Amino acid sequence: QVQLVESGGGLVQAGGSLRLSCAASGRTFSVYAMGWFRQAPGKEREFVATIIWSGGSTHYSDSVKGRFTISRDNAKNTVYLQMNSLEPEDTADYYCAAKSVRTRAFDYWGQGTQVTVSS
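1. Quick notes on the pairing of strand E3 (residues 18-26)
1) Next: Direction of pairing for strand E1 (residues 2-7) relative to E3: antiparallel, over a ladder of six bridges. When the bridges of E3 are listed, Glu 6 appears paired with Cys 22.
2) Next: Examined bridge by bridge, E3 and strand E8 (residues 78-83) share six bridges and lie antiparallel to one another. Paired with Ser 21 across the two strands is Tyr 80, which belongs to E8.

Next up, the structure:
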């Protein structure tokens, strides 16, 4: 089993920056990749970014490409999402997820952290 805990959410003005953290524990050796998703009020959950744990390859949604950066700290089993040039449209609950090497699916999810961007 893998446990994920997000932190770093809060209120920020448009154009500002925020960094989210996701700490993983448990059977972390079974994690193939980690990712960030978000869900705004009245909207479906959407993909934001992913990173392959071994090697560090990344992928971003078109809406955040060039503004957000996903990274990892191997020693701390932690993934980060650096968010720059934030827009009101980025306001959402942000969730961290881990993809299992066995199922190749995002089987583990964190509790979420709120991000609010004011205009």
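Back to the write-up after that little detour.
2. Digging into the pattern of salt bridges
1) Next: By the definition in use, this model includes four salt bridges.
2) Next: The partner of Asp 90 in a salt bridge is Arg 38, and the shortest N-O contact between them spans 2.9 Å. Of this pair, Asp 90 sits in the loop between E8 and strand E9 (92-100) while Arg 38 sits in strand E4 (residues 31-39); the two residues are 52 residues apart in sequence, bridging distant segments of the chain.
3) Next: For Lys 65, the salt bridge identified is with Asp 62, shortest N-O distance 3.5 Å.
4) Next: Residue class for Lys 65 comes out partly exposed when judged on its relative accessible area of 48%.

3. Some details on the sheet that holds E3
1) Next: On the basis of which strands lie adjacent, the open sheet formed by four strands has the order E1-E3-E8-E7 and antiparallel pairing. Each end of this open sheet is capped by a strand with a single partner; those strands are E1 and strand E7 (68-73). The mean inter-strand angle of the sheet, taken between neighbouring strand axes irrespective of direction, is 20 degrees.

4. Side note on the environment of Gly 112
1) Next: By the secondary structure assignment, Gly 112 is in the loop between strand E10 (106-109) and strand E11 (113-118).
2) Next: Note: C-alpha distance between Gly 112 and Lys 65 (47 residues apart in sequence) is 21 Å.
3) Next: Among all residues touching Gly 112, those that are not within four sequence positions of it are Glu 6, Tyr 94 and Tyr 95.

5. Let's talk about the state of the cysteines
1) Next: Under the counting rule described, the total for this entry stands at one disulfide.
2) Next: With a sulfur-sulfur separation of 2.0 Å, Cys 22 is cross-linked through a disulfide to Cys 96. What sets the handedness of the Cys 22 and Cys 96 disulfide is the S-S torsion sign, and at about -80 degrees it is left-handed. Taken as a pair, Cys 22 in strand E3 and Cys 96 in strand E9 lie far apart in primary sequence, 74 residues in all. Taken individually, Cys 22 and Cys 96 each receive the classification buried, so the pair is uniform in this respect.

Parameters and conventions
- Residues numbered from 1 in each chain as written.
- Predicted model: local features only at pLDDT ≥ 70, side-chain atom pairs only at ≥ 80, totals over all residues.
- Heavy atoms only, no water.
- Pairing = 2+ DSSP bridges.
- Helix = DSSP H or I, 4+ residues; strand = E, 2+ residues; numbered from the N terminus.
- Salt bridge = Lys/Arg side-chain N within 4 Å of Asp/Glu carboxyl O.
- Buried < 20%, exposed > 50% of the residue type's maximum accessible area, 1.4 Å probe, protein only.
- Axes fitted to C-alpha atoms, helices over the stretch in contact; angles between N-to-C directions.
- Contact = heavy atoms within 4.5 Å.
- Disulfide = S-S within 2.5 Å.

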